[in-house]
Amino acid sequence: MSVLGPNGAGKTTLLRTISGLVRPEAGASIRFQGKEIVGCTPYRIAKGGIAHVPEGRQVFPAMSVNENLEVASVRIPRSRRRERIDSVYDLFSELVSRKDQQAGSLSGGEQQMLAIGRAIVSECELVLIDEPSMGLAPIVVQRIFKTLKDIVRDTALTLLLVEQNAKLSLPLSDRIYVLSQGAIAMEGPVSEIHGNQMIQDMYFAKG
Ligand SMILES: Nc1ncnc2c1ncn2[C@@H]1O[C@H](COP(=O)(O)OP(=O)(O)OP(=O)(O)O)[C@@H](O)[C@H]1O
Ligand SMILES: [Mg+2]
């Protein structure tokens, strides 16, 4: 799934609301796997299977790459942690040689890989990813989206991707939501939205 929308549309706020960091208006409802999650703490929501890769990729800068992954794995049984962490190194082999390096000293692209890796390690079912391409060189962005595509294809994970660059996010998406001023202006399967003239003009006109 992808969320599109101009700056300030409320995309980040939507993800922060789903993960319990922002309280919605009274009466609002967010259901995940049939359960109401409004009012749950961020901890409970994460434990319930929703991971959040925030805007600006937050990793623990003073910890090593491996420690960042270990911390993210504490919610799953000890017996599965090693395998899960290794699966992140398989997806992002760039991180292998950086295992013992402080996360704060990684390049932006490597930090984004680590931030996504932390979500994968937690054995969540839904990953909220906020603008993974932000501030990264196009070649690095291509690299990261290639792995996101692999994840969508090969795993049972659901991604909810906020991305200004629709050309990147649409190939990964089955459904699109267009946010405008805090509300959904349009939604539908990619096949329908892609043919919409307004969306074409807004997101595909150039290049
Ligand atoms: N549903 C809403 N109702 C009222 N205010 C909202 C709503 N959603 C977001 N806002 C406010 O709008 C502002 C911008 O929201 P937000 O940062 O979520 O936008 P964004 O789409 O992520 O923008 P950007 O593309 O710049 O990252 C914030 O001040 C937020 O508090
Ligand atoms: Mg945002």
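No experiment lies behind these values; they were computed from the predicted model shown.

Conventions adopted
- Residues numbered from 1 in each chain as written.
- Chains lettered and ligands numbered in written order.
- Predicted model: local features only at pLDDT ≥ 70, side-chain atom pairs only at ≥ 80, totals over all residues.
- Helix = DSSP H or I, 4+ residues; strand = E, 2+ residues; numbered from the N terminus.
- Rg over C-alpha atoms; globule rule 2.2 N^0.38 Å.
- Buried ≥ 20, exposed ≤ 12 C-beta atoms within 10 Å, placed from the backbone.
- pLDDT = per-residue confidence, 0-100.
- Pairing = 2+ DSSP bridges.
- Axes fitted to C-alpha atoms, helices over the stretch in contact; angles between N-to-C directions.
- Contact = placed C-beta atoms within 7 Å.
- Near = placed C-beta within 6 Å.
- Nonpolar A, V, L, I, M, F, W, Y, C, P; charged D, E, K, R; others polar.
- Parallel < 35°, antiparallel > 145°, perpendicular 65-115°, else oblique.
- Left-handed = near helix turned anticlockwise from the far one by under 90°.
- Expected span 1.5 Å × (residues − 1).

Engineer: Now, about the overall build of the protein chain: what can you tell me, with residues and values included?
Structural biologist: When its secondary structure is counted, the protein chain shows nine helices and eight strands. Here the C-alpha atoms of the protein chain give a radius of gyration of 17 Å, agreeing with the 17 Å that 2.2 N^0.38 yields for 207 residues. Projected onto the principal axes, the alpha-carbon positions of the protein chain cover approximately 50 × 45 × 30 Å. Here the protein chain, with 207 residues, has 35% of them falling under the buried criterion.

Engineer: Kindly report on the confidence of the model for the protein chain, identifying the contributing residues and their values.
Structural biologist: Mean pLDDT over the protein chain works out to 92, with 98% of the residues at or above the 70 mark. Confidence, expressed as mean pLDDT per element, reaches its minimum in the protein chain at helix 9 (residues 197-204) with 74 and its maximum at strand 5 (residues 126-130) with 97.

Engineer: Tell me what's going on with the sheet that holds strand 7 (residues 175-180), and back it up with residues and numbers.
Structural biologist: In space, the six strands of this open sheet follow the order 4-5-6-1-7-8, with mixed pairing throughout. A strand with exactly one partner marks an edge of an open sheet, and here the two such strands are strand 4 (50-53) and strand 8 (183-189). Recorded for the sheet is a direction-independent mean angle of 15 degrees between the axes of neighbouring strands. By the bridge criterion, two bridges tie strand 1 (residues 2-4) to strand 6 (residues 158-162) in an arrangement that is parallel. Each bridged residue has a counterpart across the sheet, and for Val 3 the counterpart in strand 6 is Val 162. Packing of helix 1 (residues 11-18) onto the sheet brings it into contact with strand 1, strand 4, strand 5, strand 6 and strand 7, and relative to strand 5 it is tilted by some 150 degrees. Sheet contacts for helix 5 (residues 108-121): strand 4 and strand 5; angle to strand 4, the most-contacted strand, approximately 175 degrees.

Engineer: Can you tell me about the site of ligand 1, naming the residues and giving the values?
Structural biologist: Taken together, Gly 5, Asn 7, Gly 8, Ala 9, Gly 10, Lys 11, Thr 12, Thr 13 and Gly 182 make up the full set of residues adjacent to ligand 1. Residue classes in the shell around ligand 1 are distributed as one nonpolar, seven polar and one charged.

Engineer: Quick rundown of the pairing of strand 8? Include the residues and the values.
Structural biologist: The pairing of strand 7 with strand 8 spans six bridges and is classified as antiparallel. Its bridge partner lying in strand 8, Ser 180 is registered against Ala 183. Counted along the chain from strand 7 to the antiparallel partner strand 8, the turn is two residues long, and its residue Gln 181 has a positive phi close to 45 degrees.

Engineer: How would you sum up unusual backbone geometry? Please name residues and give values.
Structural biologist: For Glu 131, which is not a glycine, the phi torsion comes out positive at approximately 45 degrees. Turning to its location among the elements, Glu 131 is positioned in the loop between strand 5 and helix 6 (138-154). The buried category is assigned to Glu 131, around which 22 C-beta atoms lie within 10 Å. With a phi angle near 45 degrees, Gln 181 is a residue other than glycine that sits in the positive phi range. Within the fold, Gln 181 resides in the loop between strand 7 and strand 8.

Engineer: Give a description of the packing of helix 3 (residues 65-72) against helix 5 that names residues and reports values.
Structural biologist: The N-to-C vectors of helix 3 and helix 5 enclose an angle of 30 degrees; their axes lie 8 Å apart at closest approach. One element, helix 3, and the other, helix 5, form an angle in the roughly parallel class. Of the two possible hands of crossing, helix 3 and helix 5 adopt the one that is right-handed. Counting all contacts with helix 3, which are made through Val 65, Asn 68, Leu 69 and Ala 72, the residues of helix 5 involved are Leu 114, Gly 117, Arg 118 and Val 121. Its residues assigned to classes, the contact of helix 3 with helix 5 shows five nonpolar, two polar and one charged.

Engineer: So what's going on with helix 5? Residues and values would help.
Structural biologist: When the terminal C-alpha atoms of helix 5 are compared, their 20 Å separation across 14 residues agrees well with the 20 Å that a helix rising 1.5 Å per residue should span. The element helix 5 is largely enclosed, with a buried count of 13 among its 14 residues. Positive backbone phi, at 55 degrees, marks Glu 123, one or two positions downstream of helix 5.

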